[in-house]
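# Structural characterization, general
Listed below are the residues making up each chain.
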Amino acid sequence: KAYAAFVAGSIEPPRGRLDVPLHPARKGKTRPALPGERGAQPSQTEYSTRRRWTLAGSLISLLEAHPLTGRHHQIRVHLRSAGTPILFDPLYGRGLMPEALAGAPCARLALHARRIDVPAPRDGGRVVVEAPFPPDLAALVEWLDARGEGETVGA
């Protein structure tokens, strides 16, 4: 699985792995586990930064995230724990939206399932399904390009 995530800030290094055990929290949320905490679930997400924009003093990044485990809200919690919450995330990003995003053409969780690659059921090959950005996220890219100073980081 590959997800696109628009995040507040920039994660360093631009490519890496977040290895943060997770623990169920109240109200259906998930949180990073405390060291040695019972019930902690191993959890890993690989990421790579694709683009960055500087917009009115705020930094916005577009990441590609690959969850290696499948925990509840894993990508959202991992990116928040790295200090780069997903834009417009009502659960894990409250109060962390840069004012520079006022008027952005997207107001929902800026996370998108870009690609899934699974074994073919009969021939042993692979089935790959890719999904382009939906209209609001495509409009967000155009909006950031028009208002911010952007740079491509990875391929």
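Here, the structure is the one placed above.
Residues numbered from 1 in each chain as written. Predicted model: local features only at pLDDT ≥ 70, side-chain atom pairs only at ≥ 80, totals over all residues. Heavy atoms only, no water.

## Re helix α2 (residues 135–147)
- With 13 residues, α2 should reach 18 Å at 1.5 Å per residue; the first-to-last C-alpha distance of 18 Å fits that figure.
- Every buried residue belonging to α2 is among Leu137, Leu140, Val141, Trp143 and Leu144, and all of these are buried. Down the axis of α2, the smallest arc covering the buried residues is 165°, so these residues share one side. Residues of α2 that are exposed and angled more than 90 degrees away from the buried face: Pro135, Glu142 and Ala146.
- Next to the buried residues of α2 lie β1 (2–8), β5 (44–55), β6 (58–67) and β7 (111–119). (Helix = DSSP H or I, 4+ residues; strand = E, 2+ residues; numbered from the N terminus. Expected span 1.5 Å × (residues − 1). Buried < 20%, exposed > 50% of the residue type's maximum accessible area, 1.4 Å probe, protein only. Arc of directions from axis to C-beta. Contact = heavy atoms within 4.5 Å.)

## Quick word on a nonpolar patch on the surface
- A grouping of Ile116, Val118, Val127 and Val129 is seen on the molecular surface, where their side chains present a nonpolar patch of about 260 Å² in accessible area.
- Of all elements in the fold, only β7 and β8 (126–130) reach the threshold of two or more residues within the nonpolar patch.
- Structurally, the position occupied by Ile116 is in strand β7.
- A relative accessible area of 33% means that Ile116 is categorised as partly exposed. (Patch = residues over 30% accessible without salt bridge, like charges linked within 9 Å, V, L, I, M, F, W, Y side chains within 5 Å. Areas by Shrake-Rupley, 256 points an atom, 1.4 Å probe, with all protein chains shown as cover. Salt bridge = Lys/Arg side-chain N within 4 Å of Asp/Glu carboxyl O.)

## Quick notes on unusual backbone geometry
- Residue Pro13 is reached from Glu12 by a cis peptide bond, and omega for that bond is 0°.
- Inspection of the secondary structure assignment puts Pro13 in the loop between β1 and β2 (15–19).

## Section: the packing of aromatic side chains
- Overall, the coordinates contain two aromatic pairs when judged by the stated rule.
- Relative to Trp53, the ring of Phe6 lies with its centre 6.4 Å away and its plane at 20°, an arrangement referred to as stacked. Of the two residues, Phe6 is situated in strand β1 and Trp53 in strand β5; the sequence distance between them amounts to 47 residues. Residue Phe6 shares its accessibility class with Trp53, and that shared class is buried.
- In this structure Phe6 comes out as buried when scored by relative accessible area, which is 0%.
- One aromatic cluster in this structure is built from Phe6, Trp53 and Phe133.
- Over the ring of Tyr92 we find Lys29; its NZ or CZ atom is 5.3 Å from the centre of that ring.
- It is Arg114 that lies over the ring of Phe133; its NZ or CZ is 4.4 Å from the centre. (Phe/Tyr/Trp six-rings, centres within 6.5 Å; stacked < 30°, edge-to-face > 60°. Lys NZ or Arg CZ within 6 Å of the ring centre and 35° of its normal.)

## Notes on the environment of Val7
- Tracing the backbone through its elements, the reader meets Val7 in strand β1.
- For Val7, a relative accessible area of 0% puts it in the buried group.
- Between the alpha carbons of Val7 and Thr45 there is a distance of 15 Å; along the sequence they are 38 residues apart.
- Setting aside residues no more than four positions away along its own chain, Val7 makes contact with Leu59, Ile60, Ser61, Leu63, Leu79, Thr84, Pro85, Ile86 and Leu87.

## Things to note about helix α1 (residues 74–81)
- Of all the eight residues making up α1, six are buried; the element is thus mostly covered by neighbouring parts of the structure.
- Those residues of α1 lying buried are Gln74, Ile75, Arg76, Val77, His78 and Leu79.

## Some remarks on the nonpolar core
- Counting residues in hydrophobic clusters, the biggest one holds 31 residues, and the most contacted among them are Phe6, Leu140 and Leu144.
- Mapped onto this core, the elements with two or more residues apiece are β1, β5, β6, α1 and α2.
- With six residues, the top contributor of residues to this core is β1.
- When sequence neighbours within four positions are dropped, the list of residues in contact with Leu140 reads Phe6, Phe88, Ala104, Pro105 and Cys106. (Core = buried A, V, L, I, M, F, W, Y, C linked by side-chain atoms within 4.5 Å.)

## With respect to the pattern of salt bridges
- This model, assessed by the stated rule, comprises ten salt bridges.
- Residue Asp89 is joined to Arg76 by a salt bridge in which the shortest nitrogen-to-oxygen separation is 2.6 Å. Here Arg76 lies in helix α1 and Asp89 lies in the loop between α1 and β7, a separation of 13 residues in the sequence.
- Its relative accessible area of 12% is what places Arg76 among the buried residues.
- The salt bridge partner of Arg126 is Asp117, with a shortest N-O separation of 2.7 Å.
- Through salt bridges with shared partners, one network takes in Glu12, Arg52 and Glu151.

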